[in-house]
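Examination of the molecular architecture
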Amino acid sequence: MKKEKLKNIVIGCLILMVIVFVIVLILISFSKKRVSAIEGRVIGNGSGFVILEGEKEDYVIETTKVYPLGSILQVKDYIMMDDEMPILLKDGTILMKEEQKEQTSVSKDEENTFNDFNPSMDGLLEQEDVKGNEEMKEYLPFDEEESISNSDEVVVSYLNEVMPNQEESVIKESFNTVVDFLFYNGTINGVSLSDITMKTKLSVMKYALKLDQKIDSYFPDYKEKISSTMKRAYTGMKEKIVTLYLNTTVMICEKNQELCQTAKQDFQNMKETLGITWSFLKQLVTHGVNRFESWYQIFSGK
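A quick note: this is a predicted structure, and the numbers were derived from the prediction, not measured. (Residues numbered from 1 in each chain as written. Predicted model: local features only at pLDDT ≥ 70, side-chain atom pairs only at ≥ 80, totals over all residues. Heavy atoms only, no water.)

**Some points on the confidence of the model for the chain**
Scored by pLDDT, the chain has a mean of 78; 72% of the residues are at 70 or more. Confidence scores differ between elements of the chain, with helix H3 (residues 133-139) showing the lowest mean pLDDT of 35 and strand E7 (residues 187-188) the highest of 96. (pLDDT = per-residue confidence, 0-100. Helix = DSSP H or I, 4+ residues; strand = E, 2+ residues; numbered from the N terminus.)

If you want it as structure tokens, here you go:
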């Protein structure tokens, strides 16, 4: 009799759990806001999604179809999965309102603008004037079995030593050193960028962004002064370093998935601590970058 009663209690509990679970699912379903209709211009296509630029907000639509860049799409009856930019929408209908007949391409003027803006890939690539992603992949000195060398230890040791230091002279000097190391063929204690592994290169970029933030916070006029003194640019470094980090991560993700996931996760942390927003990313894309889809996947952590 007791066994039968215990059995009934267990069955009752299981039924109650199922009911609660169903109620939770229903509540979650209703919590997703269904979008009646939005319009936007296609600014990117990726694997299983299209990116739209709306009048006030941007959207990522789940779809397997590829739409010409610049086309105007209308999205009906989609479920809004989140409210962070860009907003993710799914399970609805896409209508073509205005089709761009030819794929939007980067003009020569835009390409020159980007080349002026884009940080040099010297040290990451084994030639000075590399154009096009295919050539970049060919010259990338990348080894999936890279092992930490003495050169990596020298660079990491330097960064670990200077980063905690709050002295004005140390912050300024280390900022100059790291920027020169990344963009102007400089060295850190005799080690150049081409001497270290991709993992360490990413670490240098992360530290460079933190140093850039320190300079902006404590010495806001320093970059202009040092640029004038050294006759080379030290301004706009946040944009240049983020561009370099994203481009490097794109190439890494084609070769090494483990390091790719680490780079993406680190970028998620940098977004929070360094204020790297979707609007900031779009600002970089306006300089002629043709990797918006890959950048979005890094930005979103996918």
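**Section: the packing of helix H8 (residues 237-253) against helix H9 (residues 257-274)**
Contact pair H8 / H9: the axes reach a minimum separation of 8 Å and the direction vectors enclose 155 degrees. Relative to H9, the element H8 is oriented roughly antiparallel. The chirality of how H8 crosses H9 is left-handed. Touching Lys238, Val242, Tyr245, Leu246, Thr249, Ile252 and Cys253 of H8 are Gln257, Leu259, Cys260, Ala263, Lys264, Asp266, Phe267, Met270 and Leu274, all from H9. When the residues that make up the contact of H8 with H9 are grouped by side-chain class, the tally is eleven nonpolar, two polar and three charged. (Axes fitted to C-alpha atoms, helices over the stretch in contact; angles between N-to-C directions. Parallel < 35°, antiparallel > 145°, perpendicular 65-115°, else oblique. Left-handed = near helix turned anticlockwise from the far one by under 90°. Contact = heavy atoms within 4.5 Å. Nonpolar A, V, L, I, M, F, W, Y, C, P; charged D, E, K, R; others polar.)

**With respect to H9**
A rise of 1.5 Å per residue sets the reference length of H9, with its 18 residues, at 26 Å; its end C-alpha atoms lie 25 Å apart and thus fit the reference within 8%. Contact partners of the buried residues in H9: helix H6 (198-218), H8 and helix H11 (292-300). Of the residues flanking the start of H9, the one acting as N-cap is Asn256, its side-chain oxygen 3.1 Å from the backbone nitrogen of Glu258. Trailing H9 by a residue or two, Gly275 shows a phi angle of about 65 degrees, which is positive. (Expected span 1.5 Å × (residues − 1). Polar contact = N/O pair within 3.5 Å; in protein donor to acceptor, adjacent residues only side chain to side chain.)

**A word on the nonpolar core**
By size, the foremost hydrophobic cluster in this structure holds 60 residues, and its most contacted members are Val155, Phe175, Val178, Leu182, Val204, Val242 and Phe267. Element by element, the count of residues in this core is highest for H8, at nine residues. Not counting residues up to four positions away in its chain, the partners in contact with Phe175 are Leu211, Asp212, Ile215, Tyr222, Lys223, Tyr234 and Met237. Ranked by size, the runner-up nonpolar core spans 15 residues in total, among them Val42, Met80, Ile87 and Ile94. (Core = buried A, V, L, I, M, F, W, Y, C linked by side-chain atoms within 4.5 Å. Buried < 20%, exposed > 50% of the residue type's maximum accessible area, 1.4 Å probe, protein only.)

**Considering the state of the cysteines**
For the structure shown, the criterion picks out one disulfide. Here Cys253 is linked by a disulfide to Cys260, with a sulfur-sulfur distance of 2.0 Å. Every disulfide takes its handedness from the sign of the S-S torsion; for Cys253 and Cys260 that torsion is 85 degrees, giving right-handed. With respect to class, Cys253 is no different from Cys260; both count as buried. (Disulfide = S-S within 2.5 Å.)

**Some remarks on the packing of aromatic side chains**
According to the stated counting rule, one finds eight aromatic pairs in the structure shown. Between the aromatic rings of Tyr245 and Phe267, the centroid separation amounts to 5.9 Å while the plane-to-plane angle is 25 degrees, which identifies the pairing as stacked. Residue Tyr245 is located in helix H8, and its partner Phe267 is located in helix H9; the two are separated by 22 residues in the primary sequence. Judged by its relative accessible area of 1%, Phe267 is buried. Here the aromatic residues Phe49, Trp278, Tyr296 and Phe299 are joined through ring pairs into a cluster of three or more. The lysine or arginine in question, Lys172, covers the ring of Phe219, its NZ or CZ lying 4.9 Å from the ring centre. (Phe/Tyr/Trp six-rings, centres within 6.5 Å; stacked < 30°, edge-to-face > 60°. Lys NZ or Arg CZ within 6 Å of the ring centre and 35° of its normal.)

**Topic: the pairing of strand E4 (residues 72-80)**
Looking at chain direction, E4 and strand E6 (residues 93-98) are connected through five bridges and run antiparallel. Residue Lys76 lies in a different strand from E6, and its bridge partner there is Thr93. Of the pairings in the sheet, the one linking E4 to strand E5 (residues 87-90) comprises two bridges and is antiparallel in character. Within E5, the position partnered with Met80 by the bridge is Leu89. (Pairing = 2+ DSSP bridges.)

**A few points about unusual backbone geometry**
Of note, the phi angle at Asn185 is positive, near 60 degrees, even though the residue is not glycine. Counting through the fold element by element, Asn185 comes out in the loop between helix H5 (168-183) and E7. Taking the relative accessible area as the measure of exposure, Asn185 reaches 57% and is therefore exposed. One non-glycine residue with positive phi stands out, namely Asn189, at about 50 degrees.

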